[in-house]
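Understanding the architecture of this molecule
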Amino acid sequence: MSMEKRKMEKLGVETSLLGFGCMRFPVTKDGKIDEAEAERMLDKAYAAGVNYYDTAYPYHGGESERVVGKVMRKYDRGSFYLATKLPCWEVKKLEDVDRLFNEQLEKLQTEYIDFYLMHALNRDRFREMQELGCIERLEQLKAEGRIKYLGFSFHDGYSAFENIINYRDWDFCQIQLNYMDANEQAGLKGYKLAEEKQVPLVIMEPVKGGSLAAFPEDITQMYHELDPAASMASFALRWVGSLPGVKVVLSGMSTMEQVEDNLKAFGEFKALSEKEREIIDKVVALINSRVQNGCTGCGYCMPCPAGVEIPRNFRTWNTYHMYRNYNMVKDEWEKYLGEEHKAKNCIKCGKCEQVCPQKLSIRADLEKVQADLDGREFILS
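Keep in mind the model is a prediction, meaning the values are calculated, not measured.

What counts and what doesn't
Residues numbered from 1 in each chain as written. Predicted model: local features only at pLDDT ≥ 70, side-chain atom pairs only at ≥ 80, totals over all residues. Heavy atoms only, no water. Helix = DSSP H or I, 4+ residues; strand = E, 2+ residues; numbered from the N terminus. Contact = heavy atoms within 4.5 Å. Polar contact = N/O pair within 3.5 Å; in protein donor to acceptor, adjacent residues only side chain to side chain. Salt bridge = Lys/Arg side-chain N within 4 Å of Asp/Glu carboxyl O. Buried < 20%, exposed > 50% of the residue type's maximum accessible area, 1.4 Å probe, protein only. Arc of directions from axis to C-beta. Core = buried A, V, L, I, M, F, W, Y, C linked by side-chain atoms within 4.5 Å. Phe/Tyr/Trp six-rings, centres within 6.5 Å; stacked < 30°, edge-to-face > 60°. Disulfide = S-S within 2.5 Å. Expected span 1.5 Å × (residues − 1).

What follows covers the environment of Lys10. One can find Lys10 in the loop between β1 (5-8) and β2 (13-16). Between the alpha carbons of Lys10 and Pro200 there is a distance of 7.5 Å; along the sequence they are 190 residues apart. Once residues within four sequence positions are removed from consideration, Lys10 is found in contact with Asp169, Trp170, Asp171, Gln198, Val199 and Pro200. For Lys10, the side chain forms a polar contact with the side chain of Asp169, separated by 2.6 Å.

It is worth spelling out the pattern of salt bridges at this point. This model, assessed by the stated rule, comprises 34 salt bridges. The partner of Glu309 in a salt bridge is Arg312, and the shortest N-O contact between them spans 3.3 Å. A salt bridge links Glu339 to Lys344, with the shortest nitrogen-to-oxygen separation between them at 2.4 Å. The exposure class assigned to Glu339 is partly exposed, which follows from its relative accessible area of 40%. On the basis of relative accessible area, Lys344 is assigned to the partly exposed category, the value being 47%. Residues joined by salt bridges that share partners form a network here, namely Glu35, Glu63, Arg66 and Lys70.

With that settled, the discussion passes to helix α7 (residues 187-196). Listed as buried for α7 are Gly187, Gly190, Tyr191, Leu193 and Ala194. Looking down the long axis of α7, one finds its buried residues gathered within 165 degrees of arc, a one-sided arrangement. Pointing more than 90 degrees away from the buried face of α7 are the exposed residues Lys189 and Glu196. Where the residues of α7 are buried, they touch α6 (158-165), β8 (172-176), β9 (201-204) and β10 (246-252).

Counting 94 residues, the largest nonpolar core has Phe20, Phe152, Phe161, Tyr179 and Tyr223 as the members making the most contacts within it. Among the elements that line this core, the one with the most residues is helix α9 (residues 232-241), at seven residues. If we ignore the near neighbours within four places in the chain, the residues touching Phe152 are Leu117, Met118, Leu121, Phe161, Ile164, Ile165, Trp170, Phe172, Cys173 and Gln174. One finds Ile310, Tyr326, Cys346 and Leu360 within the second-largest nonpolar core, a separate group that totals 21 residues.

The next thing to look at is the packing of aromatic side chains. How two aromatic rings sit relative to each other is given by the distance of their centres and the angle of their planes. If you walk through the whole model with that rule in mind, you get 21 aromatic pairs. Between Tyr52 and Phe115, the aromatic rings sit 5.1 Å apart at their centres with planes inclined by 55 degrees, giving tilted as the arrangement. Here Tyr52 is found in strand β4 (residues 52-54), whereas its partner Phe115 is found in strand β6 (residues 113-121), with 63 residues between them in sequence. Of the two residues, Tyr52 and Phe115, neither departs from the other in class, the shared state being buried. Centroid distance Tyr179 to Trp239: 6.4 Å. Interplanar angle 75 degrees. Geometry classified as edge-to-face.

A few words now on the state of the cysteines. Under the criterion given, the structure shown has zero disulfides. Free of any disulfide, Cys304 has its nearest cysteine sulfur in Cys349, 6.2 Å distant. In this structure Cys349 is not part of a disulfide, and its nearest cysteine sulfur, from Cys352, lies 5.9 Å away.

Helix length check: helix α11 (residues 274-289) (16 residues) gives 23 Å between terminal C-alpha atoms against 22 Å at 1.5 Å per residue, within 8%. Of all the residues in α11, the buried ones are Glu276, Ile279, Ile280, Val283, Val284 and Ile287. The buried residues of α11 all sit within an arc of 145 degrees when viewed along its axis, so they share a single face. In this structure, α11 carries Glu274, Lys275, Asp281, Lys282 and Ser289 as exposed residues pointing more than 90 degrees from its buried face. Here the buried face of α11 lies against α8 (217-226), α9 and α12 (310-323).

Pasting the structure below:
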């Protein structure tokens, strides 16, 4: 089995199409990285030809970089590429760039970073980095050879992406893309712009945080009819990998089984067939047809006099029904949303419905939200 490789013509380097995302290592009962198992997984990937390892300053509470550095130091430094990211939100003054960068070099036990990204840029954060002179400082670090290739990872809308990618001649960029989010954030439109500008693309969240790895029986059957031996995740990975401008597809692997499944998908990589594309299009249409209401998250209904976070409740409800998987929204519903912001607190005043541009039956729908999410009919492992 030979690992699929992609040439970044602009940079003159060849990367494995599968990149090891180091943000979801297995953890012990106390929440720390299971270092022995993480090492086994990294070793397995390296032996199979994976040569791109992506970590970041905040992953695993700051421990991911240290573990990656510790494991990868046993290999020839020229045989793999290390990617990590400047935590832009930690940069309050220009001197912070060097402080953070040097800390990262120390953790990673290396003298240089191959692929260095400005982490999680959006329009406002990019403007802050410009005003502080961070980009110029990163360019100096590149001129010194401490950074080989300079890029950015992105979380915002297309217009912000257009603004950032046109600002300078980037070596590469990283965007979120999967078959359910083709029109979200930078999306396929951003992919095409990067391809036109010949900026190599690294893709994150190809399986949408695991959402595209487990489905109810009807969708599972559609995929099994294509290939009963293939995992659900492999179709999502291959959808992204079939785009020629994509040079690395990052997978945040948490188990050895996931490593083995990903190696299988990329070891004998096959672009999607026409029939497979048709089935994925049908899956997308089916999932989208399960949206319960047309809330766009515009926020015109807010603030609610009773404290209900209306768009958030609807987003959680819609996601639950789209994927028919309570586990996808479990943490949001049980931990993060907060009892005081749940749908049950609606006092039926109707103010929200008077201003809703979509003319939604918000009061009636909030009752359904509470009943459905408390009822938990759809639970997938």
